[in-house]
Amino acid sequence: MPKRIMFTMGDIACAEGAISAGCRYFGGYPITPATEIAEWMARRMPEVGGAYVQYEDEIASITSVIGASWTGTKAMTATSGPGVSLMMEAVGLAVMTETPLVLVNIMRGGPSTGQPTRGQQGDVMQAKWGSHGDYQIIALTPASVQEMFDETIRAFNLSERYRVPVFLLADETVGHMRERLVIPDEKDIKLEYRKLPTVDPSEYLPFKPDDDLVPPMALLGTKYQFYATGLTHDERGYPSDKEEVQIELITRLNNKILKNADKIVEVEEFMLDDAEIAVIAYGTPSRSAKRAIKDVRQEGIRAGLLRLKTVWPFPERHVVDLATKVKQIIVAEQNLGQIYYMVKAAASPTPVHLMTKPAGMPQLPQEIVQMIREVHSS
Amino acid sequence: MSRYEVRIGGFGGQGIVTMAVVLGETLSLIDNKYVVQTQSYGPEARGGASKSEVVIGDEEIDYPKVQRPDVFIAMSRAAYLEYVDGMREGGILIVDEDLVQIEGSLPSSVRVYKIPATRIADMEVGNKQTTNVVMLGALAAITGIVSVEGLKQRIAERWPRFKELNLKALELGLEAGRRAVESSQT
């Protein structure tokens, strides 16, 4: 497809990003504020030779995505908090079986049914810790309609490269706002695909990693035979209750993300060069923060923004570096404090102040201005 | 124009969101402005409170929501009462005069334009569903923030089956807007 320009909403940009990334399977169950993704995929999947299936619930949706991925098809689902809660068991299965998939969470007010049409950033820790066991996933936090497209492509590429579920964590405002979207010519989009085995089938060990800690992935229906299980398994894929097998496996599943964090994490630095006060934000509050920083700069306060485009793995190195350069850090998130605790641990002993807002509207620019002034005069 | 903010408030079903979307599409795709359009509405499909917003600029828009609107279009009494206090000094207030009475005290610098958009859509266009397009025409005539040719092009692209009907609604809205401007100057 040649380059296209649309004026469209974040949810639809996400669906178009998935299609451009090569996604050809969507299994889902509609839920506000992610319904437009399902609607758009229902219309577009048949046009591009893919399949859209609406299931009876979110549990069936994500397990179908796991199955589709094992056939070699890039696959995704999209939901909101209540749906993610139901999907969490299968997220653990995808982590354990090293299944590439993309899970979009358009975050609404919670807990439980909460406020369906209002936004929040309450699911940041859920994405990391919502399934049981020690594990790592990747979570990206777009802040604009264009980023809903670009970061969905990045989510697919990362999930393929590291064989891991990747969350696209967008607050409702980003999902439902409309802006200009530029869809590049398809030849200008860089796509990645999982490593396939090249050894003779008789020598194939389905969970033996390469040096990057990621094992090549055989596909269902090919000449390779393998067994994929949620039980702890050795390199052959056979279940094991041995201590060393458990330690080796879960250490590798964590390290393949943590040791590659520098290749995964992306941040935007805004007016940080001479900053004494840094705001850390992601999603819609980062846009309030940008406005606020421009405003306080007019008053002579040297403030800047570290915008997190990746929250998991946590951008620890960036925050540690920042803490050595600035005097104070403000974390503004649309919840009662989640990434704040990660920042506080990484930034210590630099003081970290929390600005909470557990409701539909992000912090207003003038509220962040006020907070920066207070921190500046303290 | 560094930043220009439009807020539209009314009931679910009046086309409040569609109106902002068509405005945003025209400004972004045809007039080549930076635009962000957002909305807020309740869980109901019809009848609940509905609000939509468009922020326009010559550079990238940071904060995507309206802070103090340059223009507020009130299509219901509830929306008027909720948002009228947020008006900017020198701002423009457009009301559907059959649905919204001016209540309370407005800053003296606020300019008020009364457009019977629902009546025009019902009686003159012959379809109440075009109320939002009538109001869009009035907005264009009163503020000049969006090109009329752009709106015509966008309406024709967007609703090929209902092109004539909506172009008529737009034209009647433009006329009503021009009349409202003239009468405010006399």
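From a predicted model like this one, the values you see are computed outputs, not experimental measurements. (Residues numbered from 1 in each chain as written. Chains lettered and ligands numbered in written order. Predicted model: local features only at pLDDT ≥ 70, side-chain atom pairs only at ≥ 80, totals over all residues.)

It is worth spelling out the packing of helix H5 (residues 148-158) of chain B against helix H6 (residues 163-185) of chain B at this point. Residue and element names in this part refer to chain B. In the contact formed by H5 and H6, the axes pass within 9 Å of each other and the chain directions differ by 155 degrees. One element, H5, and the other, H6, form an angle in the roughly antiparallel class. As H5 runs across H6, the sense of the crossing is right-handed. Counting all contacts with H5, which are made through Val148, Leu151, Lys152, Ile155 and Ala156, the residues of H6 involved are Lys163, Asn166, Leu167, Leu170 and Leu174. (Axes fitted to C-alpha atoms, helices over the stretch in contact; angles between N-to-C directions. Helix = DSSP H or I, 4+ residues; strand = E, 2+ residues; numbered from the N terminus. Parallel < 35°, antiparallel > 145°, perpendicular 65-115°, else oblique. Left-handed = near helix turned anticlockwise from the far one by under 90°. Contact = placed C-beta atoms within 7 Å.)

What follows concerns the nonpolar core. Formed by 164 residues in total, the largest nonpolar core has its most connected members in Val279 and Val343 of chain A together with Ile94 and Ala138 of chain B. With nine residues, helix H4 (residues 131-143) of chain B is the single largest residue contributor to this core. Shared between two domains, this core takes at least three residues from each, and those domains are domain 1 (4-188) and domain 2 (266-377) of chain A. With residues near it in sequence (within four places) discarded, Val343 of chain A still touches Ile280, Val319, Ile329, Val331 and Val352 of chain A. (Core = buried A, V, L, I, M, F, W, Y, C linked by C-beta atoms within 7 Å. Buried ≥ 20, exposed ≤ 12 C-beta atoms within 10 Å, placed from the backbone. Domains from an automatic or database assignment.)

What follows covers the interface of chain A and chain B. Each partner contributes residues to the interface: chain A has 16 residues there, and chain B has 16 residues. Elements with a contribution of two residues or more to the side of chain A that touches chain B: strand S1 (4-9), strand S6 (115-119), helix H7 (172-176), strand S9 (178-183) and helix H10 (284-298) of chain A. Of the residues assigned to the side of chain A that touches chain B, the class counts are five nonpolar, five polar and six charged. (Nonpolar A, V, L, I, M, F, W, Y, C, P; charged D, E, K, R; others polar.)

What follows is about the sheet that holds strand S12 (residues 303-308) of chain A. Residue and element names in this part refer to chain A. With mixed pairing, the five strands of this open sheet are ordered in space as S10-S12-S11-S14-S15. The outermost strands of the open sheet, each flanked by one partner alone, are strand S10 (267-270) and strand S15 (352-355). Between one strand axis and the next, the sheet turns by 20 degrees as a mean value, whatever way the strands run. Across four bridges, the pairing between strand S11 (residues 277-281) and strand S14 (residues 328-332) is parallel. What sits directly across from Ile277, in S14, is Gln328. Contacting S11, S12, S14 and S15, helix H13 (residues 365-377) crosses the sheet at an angle of about 155 degrees to S14. (Pairing = 2+ DSSP bridges.)

Any link to function would need more than the numbers given here.
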